[in-house]
Every structure is written in structure tokens, then in C-alpha cells.
Amino acid sequence: MKIFVCIKQVPGITEVRVNPKTNTLIREGIPSIMNPMDKNGIQLALDIKEKHGGEIIALSMGPPQAEEVLREALSMGADKAYLLSDSAFAGADTLATSHTLSLAIKKILSEGKEEEIYLVICGNEAIDGDTAQVGPELAEELGIPQITYVRKIEMSGEKITVERVFRPEEIVIIETSLPALVSLLREINVPKFPTMAGIVDAYEKKEVNYLDSKILNADKAKIGLTGSQTEVWKIFIPERKGEHIKLSGTIDEMNRELCQRLKEDKIF
Amino acid sequence: MSIRIDDEICTGCESCVANCPYGALEVIDGKACVSDDCNLCGACVDSCPVDAIILEREEFKIEKMDITQYKGIWVVAEHYKNKIHDVAFQLLGKGRELANILKTNLTLVILGADFDDKLDEISQYGQDKIIYVKSKILKNYYSDLYVKTLTELIQENKPEIVLIGATPTGRDFAPRISKRLHAGLTADCTGLEIDPDTGNLLQTRPTFGGNIMATIRTPNSRPQMATVRPGIFKIPEKVKKDVKIRKIDYDYTEKDSVSKIVKVITKEKSKVNLEDAEIIVAGGRGVGAKENFKIIEELAKVLNAEVGGSRVAVELDWIKHDQQVGQTGKTVSPRLYIACGISGAIQHVVGMQGADIIVAINRDENAPIFKVAHYGIVGDLHKVIPTLIEEVKRVRAEETL
Amino acid sequence: MDFKLTPKQEMIRKITREFAEEYIAPIAEESDQNSQLDPRVMEEMKRMGYFGTCIPQEFDGAGMDTLSFSIVTEEIGRIDASWSITTGVHASVCAFPIYRFGTDEQKQEFLPPLARGDRLGAFVLTEANAGSDAGGVETNAYLDGDEWVLNGSKIFATNGGLCKTLLCVTKTGQKGRRPELTIFIIDTDTPGYSVGVKEDKLGCRASNTSELVFQDVRVPTENVLGGIGQGFRLGMKILEYGRIQMAAQTVGLGQAAIEASIKYANERVQFGKPIGQFQGIQWKIADMGVEVECARLLTYKASWLCDNGLDYGLVGSMAKLKATEAAMQATHDAVQIHGAYGLMKAYAVERYFRDAKMAEIYEGTSEIQRMVIAQQLLRGGWQL
């Protein structure tokens, strides 16, 4: 069984600061990290492999520096890693990204055993784009069932039983057969740190394979900017609250005014 | 594919610099320069007042869609236990506004089982039409059946805009439909507008954890799809009008879905890290005693918030160390931070000044906390908080119809 | 010359730093107060392989080069010197010498449990009458058939109260005026071995420092490390290798002092501005930065020399001396920068200050380091 895990290198956004003069994101000195939900994905793959066997294949579409998150995945215990990197992939929205990822998965599957069952694991969303779209779109490209917002998964033979969060307090338990795609919430597990031997092996015994548009035989109309349908028209920094107000009146009046203001601030 | 700046036209006005989400543009010696951080997203091209930025795409045939054939705005509803999610009505409110600008129709689409006797009530939210797909099995949500049915309906009816609630349900089926139709989809929108020049839908959404807002458009594809954050738009006043209802019976059975629903369960509330909390209610010395901390916890409960506190609260054993906010505790940046009985010494403030909205309740009108609080209430928290709790409950009940 | 670390070394640093910040930092203060190593941290350290960093994978270690090992020790030391000395001593002066000088049988038997952290290790030399003067060792052993019988006691043994395997420097004879020393590998389950007083210390309080007592402890001849009478020669080599890790952990400690000082100097406002804008504070921070970076470069060079099969004793000694004196100054200044807050347990700098003092004395005092360095230089031992 092949277990594909899609991972993404993202900026550690809690550190994001805005340059007040140019009104843009300051990106120097911001560490790049593996998208947190993707790390949950690698951990899930490791847990499944431990119980059921399989080969863990980590994939990422990104510039060459994204190799670092693939090495981290190998350090955690992934068996193989592929970096899909090509200037032709740049400017991709989720439609183009999911297409590119599907090309790599199909190619890797075609090089393996025929009719091999597989599982595709994605983080539910990435902390920079936050779209939660690549998972379902990838499942559609591969023609396999998808289950999103997953907080628990169990495997038995070729069946998976999954707990999906569909309301804040409601969980639905769904069963489907492999091959399938699941996208995970952070509550699914607590990723373990790689071991020191794991890190040494990731750099000395394993490799990151580079795939470009030529190797993937990609149709230029479906990748990168040309394969995208959404475009960024403009960006802006949301207004931060400036004023400091002391409310007045009776306690009831102040509380009412406070709640009114919070309502306008869309707290409720 | 590449990007370049025409130096002869560039005036060094820096408009492009501000528009780059990746910080890849810089003006050096009076001319704009692009760095390797460029992601070819094209946000800068339109921002240049003198058209000095050229994004060169490779010339080859892409089949362009005939977008003029697409008309009408759709809102797709989701439901649970026979109750339609509020976001559908919120979107009908906004949808009506957009439909009026585009001079087109607004349709509500429901895939369900038992809505026959509810159609009358549901039709009073400003829509012109309702498409009701009825199938017994659709009492529950089936990912693949929603995708199949909606894709077929969209292909048949060609709406120009499809709006869906950005819930785990909406965000599950919308992307798969968008891929099947190769139509652009924008997730979790907090703003929708019509571009007066082109009639395109302008979809605004937060990125980078809300630190940057992006406005997206999909000029070349139809329908323009968007999932919209619940609670952003208001549910409109009801209005009786003639609504065309189209009921379609589908004969779906369990065998038509690749997934089997085993059962639905209710989950226990999981513990949240303070650093991930959206709302934090914090107590300090002013709370007075451990028993009094209960009202802090109660206020947190009605706000669905996490409980925090200052160092004093930890030392007096009112809260645990991992709930401490401040220099020797945690640094938090929630949407809302309510500081109760906290004086606002710098050692605490450095831990919470990143909050979007800060509310302070303190007896001392000169307490330094009021300098950082956006909304301040001078008063005894033991008197203020109990009535605040009631007011919050009242407002929350008002919000959910 | 390439000062850049490899991607592998950067990853090792990154993961160790994240681990230390998540697992160790929250409990460091409490562990210091209670003089106990946290069991949850111990479990995770074992799982991650921090007890077998420099031991090859064939013996269940991580198979790391010395520079990577130093980076690990530096990152742990940046959060808690008690932990860095525990793992540092265990791996560098107990496990590694068995790998370097042991027979195949000794390696097979002792290394895997040590590398996995299932058994903790120690290297015991110091006695009541033998501190800087290793020649004063009185713990002795005589041969009885095919067993050596050990008697004596050791004091101030790092990991002493917790270890299951230890290397004991023992007097087995006399060579003229000097004792003949032999190193024995001892299993603490052997009858006659007992742990005496556990020391209540100024610093590195969570790390275990204990007195060990040997009463007719019988050790098979197979457990002699490197040969009878080799104890002094091997002991010097063992300490030389361990010195690099002692330097590394203290570089981490100095780094922690600098980071705390910078954070405080930027936040604390007095006289209308952050105190970091006053020159008096700025100069202290500048000096800390220079000193710790010098110590780091010496430590990395010593590691590099070791990895490239070159003599590293001189530079290793320089590194230990520099790192410990730099950390002492840096932590002293860090407390000063924090003002009265620096004296309070709620702020970590007071612990850094106490931990730094320990480093100036253990694993070879600064005075001994100067002796070692001077002897090498006077003998023309300077190398580029």
C-alpha cells in the first residue's frame, strides 16, 4: 500500500509583521515551517505504517527551498520524498496545484504494482492560503472518494472508518474503501519529533527526488498561472483598531454598549 | 512565463510595492525591481498606473469559456436535522443586493428530503426561485451526491455566481465542484462586491491568518464560486413574494454513494491552547479570591472563550501556570481579550497587546490597562461581569434566529 | 574555509531547539527547585536518541559526527544545563570511550543499552583526595583469580545516583612515584556497589551528582577498558573528548543569557525609553555577544578537528575555558541587566548564573585548562 502525504512549506505566520511605510508583509527573518496540519499527516502515515505496513511518500510543490520540509518528513520516517519544482508551476491557484500534484501521484503509481491500493493524506488547510481546497480538488483529479475535516481514522483491510467534524459539536462516522483521500484537522494526533537517527538517515541514506514539468509531461494549460482560474486583484492590510474608549453610564448601559460594539466588530 | 519592468516607463511611484503579497518588489535607484520571491501572481500588474509591468505568458491555445451565457446568482443551502443553516439566509440577503446590481435572478438551491412543508417559510428571504432536489437519502449530507447533483444542475442552468456557506459541509463539496467544472473558487470570503466596469464578482478574504486581506476575481471562468464565512452578512427581513419553485425528485439510494454513514455522535469539548484561542477572558488581582474566579470562567463559557490570567492569579493558585499571560507566561493574540481586575503593568501587557480588540474592566480609572484597552469599563468587576454575562447571552440568542 | 553548517546539521539544531523549548523549558525552573530530572523529558529524550548521539547506528546510536553532537548539546544547554550535562557526560565520557577503546565483546554488551538510554552512564574519577590532581586516586583493585576486586569511593559523580554502567578510574599498582591507573567498566547491579550522598548543589541542580561507594565489588577481567595500566593515558583522552561537549553546552548557556538580556532590554522602559537604548546596557550586550561567539567558534573548530582525525586537545581545552568564562560573564551581566527582577526565581537568568558557575569548575577547572593549554603551547603545540 502506498501512503501519499502532501506537504507544504509555509511562513510561520505568527511572526508576520507589516511594514507600516509600504503596507506590505515583512518576509525577511520569518522562519519557514512545514504546514502544521501536514505534519499531522506525516504522523498519521507513520502510525498507519506501523500498524498496517506500507510505503510513505511525501510530496510537495514548491521552490527548491521547500526541500527542507521534505527532509523533515524523511527525518520523521517517510520513505520517499518528491519535490515538484519548476518555474512553470509558479503562480498556481488551487486548481493548478491540485492538477500538478495529481500528475506526480499518477506517475508514481504507474511505476509501481498494478492495482495497488493507496491512501492520500493532506492537511485540511495551509496556514498561509487557508483555502482547504487542494485536498478535495486532488481527490477529484484522481477520481477517488474524499473525506475532509477528519479528526480520527482507522483502517481495516481496504476499508477506512473516519470521524469527520461537520458541526462544532457533531461528528459523523463515515466508512469508505481505498483508494481514498483524507484531509486532517490538527486534533487527529500529536506529531512526534524526528529521532536523531532519523535525521541522520534523512540526509545520508534517503533522497529528495526533483520532478519538473517535463518529467511529469505536464500540459502547460493546466499548470502554473495559465492553469489557474482565480487571480489576486489586490491586497490590503486590514484596519487595526486605533481608538481607546472609556464607556460611561450605569453598569447595564455600559454592558449594553459594549456588546453592541462587539457585535459590530463581528465578535458574535 | 516571466515578469519584467519596463524601465523607460517606470516612474518609481512604488504603487506596485504595496500590492505585492510576497514582498518581491522594491524600488532601487528610482526603478522598480523584481526579486526571486516573485510568485507570478500578477497582483502588481493592475496596480501600476503607467502599465510598466509586463507579465509575459506563453502563447498557446486555451479554450476560453463563453461567459456571457451565464446568468443568475445561486445560493446553495446546507441543513442538519431538517433545519437550514443560517448562512444560507445571510447569503440570500447579500445575494439579493448583488442580484439587484447585476439585474439578475437570485435562486436558493436545497438538496434534501423533508422540506416540502417548509418551502413557504423558506421562500420569504428575497429569492426569485427555489430549486429543491428531493431524495430521501439526502436527509443526510453525502459529499459525492452533492457534488454530482450540483454539478449537473450548474451545467444545465449556468448561473454566473454560486455562493456557499464556508462550513465543513460547504468547504467539502465546493472545491470538488470547482475542479469538475474548472471554475475558480474563493474560500472563506468576508466581502463580496460587483466590479462596476466588468460585472465580475470581487471576492475578499483573509490570508496569512488574517494579517493580509486579498481580493480575488475569476474573470475567465463561470460560475464564479465563493464559500462565504457565516456571520459576516445579515439575515434579511422576511418579505412575501411570488417565488418560482422547481422540485426535482432524485432516486438516490445508499448504493449511489461511495461512502457509508455509520452514525453521528456528539463530541466533548477539547482543550484549546491559549495561543490558539479566539477569545480570552483573563482575571487579575482585582478578582480577589479563588471563589470569585468563577464569574471569569462563566463569562468565558458564554463567549466560548478560554480562561487566562495575570501572574498574580497563578501565584494565588486561581489558575494554572499554562494559563498565565505575560512576560513570564504566554504571549497571545486573540480576536478579543477581556482583562478583568488586571492593572495593566507592562509585564502583563507585553503578553496580550497583540489582541485585535482589548476590553478592560477595572475599578481604578487610572489603571494603565485603560491605555491599551479599546473599550474600557470603570467599575467593580463583581458587579459588571454578572450583568455582562446576561447581556452576552441575550445578544447571542438574538444572533441565531 | 566554509563556516556554513550542512543542511543536516541545521535540521539537527532546529529539531533539538524545538524539542527543548517544548519539553524542557516549561519544567526547567521546577526541576531546578526540586533537584530532579523530569521523567517525561527523560522518556522523550530516550525516544529521540539523545543518549546515543555519537554512537554508531550499528550499536543503536544515531551515528552523528562530533560537530552535530556539539550542536545538540549546545541547543539543550541553551534551555537547561542540567539536561545537557546529563546527556553530554553520558554519551561523551561513558558510552563513546567504550566505542573507541573497547573490545568487540564490550561494545556488543554495553553500547546498545547506553545508546538507547535504557541504562544511564557515568565516568568516575574524582575522589576526596583527588580533584584536579588525578594522581591522588586511592580507589584500588587487586586481581583475585579472573576477577578484580574494587574498594574505595568516588565523589561528585555526574549521573552517579542514576547510572547503571560506569567507567571507574582505579589504582591497580604503582609506577615509581605515580599510581598505575586502570579503567573498569562496572555494572551497578554488582554486589558491593552503593550510592552514597546525593549532593544539593548551587547549580545544575536537576542533574544528579552523587557519592559512590565500592566495597569488594568484583569485576571480571573482561571489563578492563583498553588494558591494565592504561587508565591515565585513556583517561586523558576521554576527558579531552568530553571537554568539547562541556564547551558546547556552556556556549548554549551563554546564548540563553544573551537572548534573555536582549528581550528584557527591549521591553523594560525606564527614564522614558527601553533600557536597551542606553550605552551602559548596549556595551554589556555587545561584549556578551563577542565572547560567546568566540567560544562557539572554538567549540566548532575543536569538533571539526576531531571529525577530521586531527589533534583537537589544545583547541578543545581553549573552547572549554573560553566558553565557561564567557558564560560566567554573560550570565552575570544578564542578571545585572534585569535589575532586581534578575534576582527572582520567576526569571530564568538567576538559574543561568548559578549553572554557569558550575561550568567553570567541573570537567576540569579553568586553572587546569590553562595548565593544559600552556603545556601544549610551550611544547610548540600551536596549530592552525
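The structure displayed is predicted, hence computed values, not measured ones.

A. Examining the pairing of strand β20 (residues 336-340) of chain B more closely. Residues and elements named next belong to chain B. Of all 5 residues making up β20, 5 are buried, and the element is well covered by its neighbours. Of the two faces of β20, the one carrying Leu336, Ile338 and Cys340 and the one carrying Tyr337 and Ala339 are both buried. Here strand β18 (residues 279-283) runs beside β20; their pairing, made up of 5 bridges, is parallel. Residue pairing across strands places isoleucine 280 opposite tyrosine 337, the latter belonging to β20.

B. Geometry of the interface of chain B and chain A. The interface is formed by 102 residues belonging to chain B together with 86 residues belonging to chain A. Roughly 8,700 Å² of surface becomes buried between chain B and chain A when both sides are summed, with 58% attributable to carbon and sulfur atoms. Of all residues in chain B, B:Lys179, B:Lys267 and B:Tyr375 give up the largest surface area on contact with chain A, accounting jointly for 9% of the area buried on that side. Counting across the chain B and chain A interface gives 6 salt bridges. Across the salt bridge formed by B:Lys179 and A:Glu141, the nearest N and O atoms sit 2.5 Å from each other. Where chain B touches chain A, the interface holds 39 residue pairs in polar contact (both at pLDDT 80 or more). Ranked by the residues each element gives to the side of chain B that touches chain A, the list is headed by helix α11 (residues 381-399) of chain B, at 11 residues.

C. Spotlight on a negative patch on the surface. Residues and elements named next belong to chain C. A contiguous patch of negative charge, built from Glu58, Asp104, Glu105, Asp146 and Glu222, is present on the exposed surface. Mapped onto the elements of the fold, glutamate 222 is located in the loop between β7 (209-220) and α6 (231-267). Overall, glutamate 222 belongs to the exposed group, its relative accessible area being 56%.

D. Region of the structure containing the environment of C:Arg205. All names here are of chain C. By the secondary structure assignment, arginine 205 is in the loop between β6 (193-198) and β7. The exposure class assigned to arginine 205 is buried, which follows from its relative accessible area of 16%. Separated by 124 residues in the primary sequence, arginine 205 and alanine 81 have C-alpha atoms spaced 9.1 Å apart. Those residues within four positions of arginine 205 in sequence are excluded, and the remaining contacts are Asp32, Gln33, Ser35, Ser82, Asp200 and Arg354. One polar contact links arginine 205 to serine 35, side chain to side chain, over a distance of 3.2 Å.

E. How the structure looks around the confidence of the model for chain B. Residues and elements named next belong to chain B. Averaged over every residue, the pLDDT of chain B is 91; residues scoring 70 or more account for 96%. By mean pLDDT, helix α2 (residues 43-47) is the weakest element of chain B at 82, and strand β5 (residues 73-76) is the strongest at 98. Scoring the predicted complex yields pTM 0.89 and, for the interface, ipTM 0.94.

F. Quick peek at the nonpolar core. Membership of the largest hydrophobic core comes to 68 residues, with the highest contact counts inside it found for A:Val182, A:Met196 and C:Ile24. The leading source of residues in this core is helix α1 (residues 7-34) of chain C, at 8 residues. The contact partners of A:Val182, leaving out residues within four places of it in the chain, are A:Leu119, A:Val120, A:Ile121, A:Cys122, A:Ile147, A:Val150, A:Ile153, A:Ile160 and A:Val162. Membership of the second largest hydrophobic core comes to 44 residues, among which are C:Val93, C:Ala134, C:Leu234 and C:Ala302.

G. Highlighting unusual backbone geometry. Residue A:Pro179 follows A:Leu178 across a cis peptide bond; omega there is 5°. Within the secondary structure, A:Pro179 sits in the loop between β11 (170-177) and β12 (180-184). Backbone torsion omega between B:Arg222 and B:Pro223 reads 0°, so that peptide bond is classified as cis. Counting through the fold element by element, B:Pro223 comes out in the loop between β14 (212-217) and β15 (224-228). Even without a glycine there, the phi angle at C:Ser35 is positive, about 55°. Mapped onto the elements of the fold, C:Ser35 is located in the loop between α1 and α2 (39-48).

H. View of the interface of chain A and chain C. The interface is formed by 17 residues belonging to chain A together with 23 residues belonging to chain C. Between chain A and chain C, roughly 1,600 Å² of surface is buried when both sides are summed, and carbon and sulfur atoms account for 66% of that area. By the criterion of area lost to chain C, the three top residues of chain A are A:Phe193, A:Met196 and A:Tyr203, representing 45% of everything that side buries. The salt bridge involving A:Glu204 is made with C:Lys8; its shortest N-O contact spans 2.9 Å. Inspection of the chain A/chain C interface yields 7 residue pairs in polar contact (both at pLDDT 80 or more). Elements that contribute at least two residues to the side of chain A that touches chain C include exactly α2 (67-76) and α5 (196-204) of chain A. For the side of chain A that touches chain C, the leading source of residues is α5(A), giving 7 residues. In the side of chain A that touches chain C, the residues fall into 7 nonpolar, 2 polar and 8 charged.

I. Representation of the sheet that holds β14(B) in the model. Strand order in this open sheet of 4 strands is β14(A)-β14(B)-β13(B)-β12(B), and the pairing throughout is antiparallel. Both outer strands of the open sheet, β14 (231-236) of chain A together with β12 (191-194) of chain B, are each paired with one neighbouring strand and no more. Within the sheet, the average angular offset between the axes of one strand and its neighbour, ignoring direction, is 25°. Judged from the 5 bridges that link them, strand β13 (residues 201-207) of chain B and β14(B) form a sheet pairing that is antiparallel. Bridge assignment links B:Pro206 to a residue of β14(B), and that residue is B:Met213.

Scoring rules and cut-offs
- Here the residue numbers are simple positions, counted from 1 along each chain's written sequence.
- Just so you know, chain letters begin at A and ligand numbers begin at 1, following the order they were written in.
- Residue-level local features of this predicted model are given only where pLDDT is at least 70; pairs of side-chain atoms are given and counted only at 80 or more, and the full residue set underlies all totals for whole chains, interfaces and linings.
- To get the side-chain values, all heavy atoms of the structure are used, and hydrogens and water are removed first.
- Burial status follows relative accessibility: with a 1.4 Å probe on protein chains alone, a residue under 20% of its type maximum counts as buried, one over 50% as exposed, and anything between as partly exposed.
- In this text, helices come from DSSP runs of H or I with a minimum length of four residues, and strands from runs of E with a minimum of two, each type numbered from the N-terminal end.
- Any two strands between which DSSP finds at least two bridges are classified as paired.
- Whether two residues touch is decided by their heavy atoms; if any such pair falls within 4.5 Å, the residues are in contact.
- Accessible-area loss on putting two parts together, using a 1.4 Å probe and summing over both, is the definition of buried area adopted here.
- Salt bridges are defined as contacts in which a side-chain nitrogen from Lys or Arg sits within 4 Å of a carboxyl oxygen from Asp or Glu.
- Whenever a nitrogen or oxygen atom comes within 3.5 Å of another N or O atom, the pair is scored as a polar contact, on the condition that within protein one atom can donate a hydrogen and the other can accept it, and that pairs from neighbouring residues in sequence are kept only if both atoms are in side chains.
- A patch consists of residues whose relative accessible area exceeds 30% and which take part in no salt bridge; residues with like charges are grouped when within 9 Å of each other, and nonpolar side chains (Val, Leu, Ile, Met, Phe, Trp, Tyr) when within 5 Å.
- Per-residue and other accessible areas were derived by the Shrake-Rupley procedure at a 1.4 Å probe size, with only the shown protein chains allowed to occlude residues.
- Within this scheme the basic residues Lys and Arg register as positive and the acidic residues Asp and Glu register as negative, but His and the chain ends are omitted.
- Note that the charge is assigned to NZ on lysines, CZ on arginines, CG on aspartates and CD on glutamates.
- The pLDDT score gives, residue by residue, the confidence of the prediction method on a 0 to 100 scale.
- Residues belong to one nonpolar core when they are buried, are Ala, Val, Leu, Ile, Met, Phe, Trp, Tyr or Cys, and are joined through side-chain atoms within 4.5 Å.
- When residues are sorted by character, Ala, Val, Leu, Ile, Met, Phe, Trp, Tyr, Cys and Pro go into the nonpolar class, Asp, Glu, Lys and Arg into the charged class, and all the rest, Gly among them, into the polar class.
- To define axes, lines are fitted to C-alpha atoms, for helices over the stretch in contact only, and angles between the resulting N-to-C directions are given on a 0 to 180 degree scale.

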